[in-house]
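# Descriptive structure summary
What follows is each chain in one-letter form.
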Amino acid sequence: VAHHYDGFGGRSPINDQCRDLLAAMRAELDGRGLDIPLYWGNRNWDPFLGPEVDRIAADGHRRVVAVLTSAYPSYSSCRQYRENLFDAFDPHAAEGLTVDKIRHYSDHPGFVAASVDATDAALDELGDLADDARLVFMTHSVPDAMATTAGPTPRSPEGGYVDWHLAVAAAVTRGVEERRGRSYAFDLAFCSRSGPPSQPWLEPDVNDHLAALVEDGVPAVVLVPIGFVSDHMEVIYDLDTEAVETARDLGLPLARAATAGTHPAFVSALVDLVLERAASARGEEPARPVVDGGPVGWYDCQPDCC
């Protein structure tokens, strides 16, 4: 994976994308007259979470709400982050410093609205082929064993990770169909598989799936990366480089929809989710909007979740 960075200046784009998201959230908060301080901590690179939590404590704050740049339930996309938060905040527990997190937000109307706009724009790139294009929704593959135990109950035998992605894919497709006045078929495919070859991971891989679609006579494809909130390496390499090359070799016209990034509906949704979580912490019962058919995520992990 380290070699993937070589083609992009030798560095990850994700820190710049986090800075952009922070700036957009700052503007949204200021526009609502909310003087809420924002901090930013990473797991794997500066600014690391631990020192950032130390700074939060030193600045005198005692109640913190965490916004994860990961929208779905699973061990690697939720519970592991909760473990990171525990490790960073536990040294300050005696000071009364506490942290909550917003609920899983992939099926929030704001996140879905951003993907509808992006998918619609990508279809426009296909010109006359747009009406017959297949929508292929993309996310990070995870081990089958992780997928089947992911997410709040009740969940299907495939697990909440897949269930939530399918709910989002269906909602985005409905939004695109309403806007364009026609129906679209869609699939869920996966990228960024890692781990030993003997370990089963979620399939189909996007490159294999594109080849299968060509065999089925699909004339064009839009890749919709609903599993990612910004254009980091799993998007710009696995999709924009590898999948685009595969499509080119297959002679398959392909467009890639944008991630949510700093789309105004997404940024507004994140601020709404922060305020919703704060209201719940005060003992209120705030509305928890989701798209039709979407599950409502928990604020607090339960023992049988992920």
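Residues numbered from 1 in each chain as written. Predicted model: local features only at pLDDT ≥ 70, side-chain atom pairs only at ≥ 80, totals over all residues. Heavy atoms only, no water.

Glancing now at the overall build of the chain. Along its length, the chain carries 10 helices and 6 strands. Whereas a compact globule of 306 residues would reach a radius of gyration of roughly 19 Å, the chain reaches 20 Å, a difference of no more than 12%. Considering only C-alpha atoms, the chain reaches an extent of 60 × 40 × 40 Å along its principal axes. In the chain, which comprises 306 residues, the proportion classed as buried is 44%. Nonlocal contacts in the chain, meaning residues at least 24 apart in sequence, comprise 75% of its contacts between residues at least 6 apart. (Helix = DSSP H or I, 4+ residues; strand = E, 2+ residues; numbered from the N terminus. Rg over C-alpha atoms; globule rule 2.2 N^0.38 Å. Buried < 20%, exposed > 50% of the residue type's maximum accessible area, 1.4 Å probe, protein only. Contact = heavy atoms within 4.5 Å.)

This paragraph deals with unusual backbone geometry. Cis geometry is found at the peptide bond from Thr153 to Pro154, where omega equals 0 degrees. Counting through the fold element by element, Pro154 comes out in the loop between α5 (144-148) and α6 (160-180). Residues Glu203 and Pro204 are joined by a peptide bond in cis, for which omega reads 15 degrees. Position of Pro204 among the secondary structure elements: in the loop between β4 (186-191) and α7 (206-215). Phi is positive for Ser192, which is not a glycine, with a value near 65 degrees. Here Ser192 shows up in the loop between β4 and α7.

With that out of the way, let us pick up the sheet that holds strand β6 (residues 254-256). The strand order across the open sheet formed by 4 strands is β4-β3-β5-β6, and the pairing between neighbours is parallel. Of all the strands in the sheet, just β4 and β6 have a single pairing partner and so form its edges. Adjacent strand axes in the sheet meet at a mean angle of 25 degrees when their direction is disregarded. Contacts between helix α4 (residues 109-125) and the sheet are confined to β3 (134-140), β5 (221-224) and β6, with β5 contributing the most and set at about 155 degrees to the helix. Its contacts with the sheet place α7 against β3, β4, β5 and β6, and it is angled at close to 145 degrees to β4. (Pairing = 2+ DSSP bridges. Axes fitted to C-alpha atoms, helices over the stretch in contact; angles between N-to-C directions.)

Turning to the side chain of Asn42, a few remarks are in order. Locating Asn42 in the fold gives a position in the loop between α1 (14-31) and α2 (49-58). Judged by its relative accessible area of 14%, Asn42 is buried. A polar atom in the side chain of Asn42 sits 3.0 Å from the side chain of Trp40. Other than its neighbours up to four places away in sequence, Asn42 contacts Asn15, Pro47, Phe48 and Leu49. (Polar contact = N/O pair within 3.5 Å; in protein donor to acceptor, adjacent residues only side chain to side chain.)

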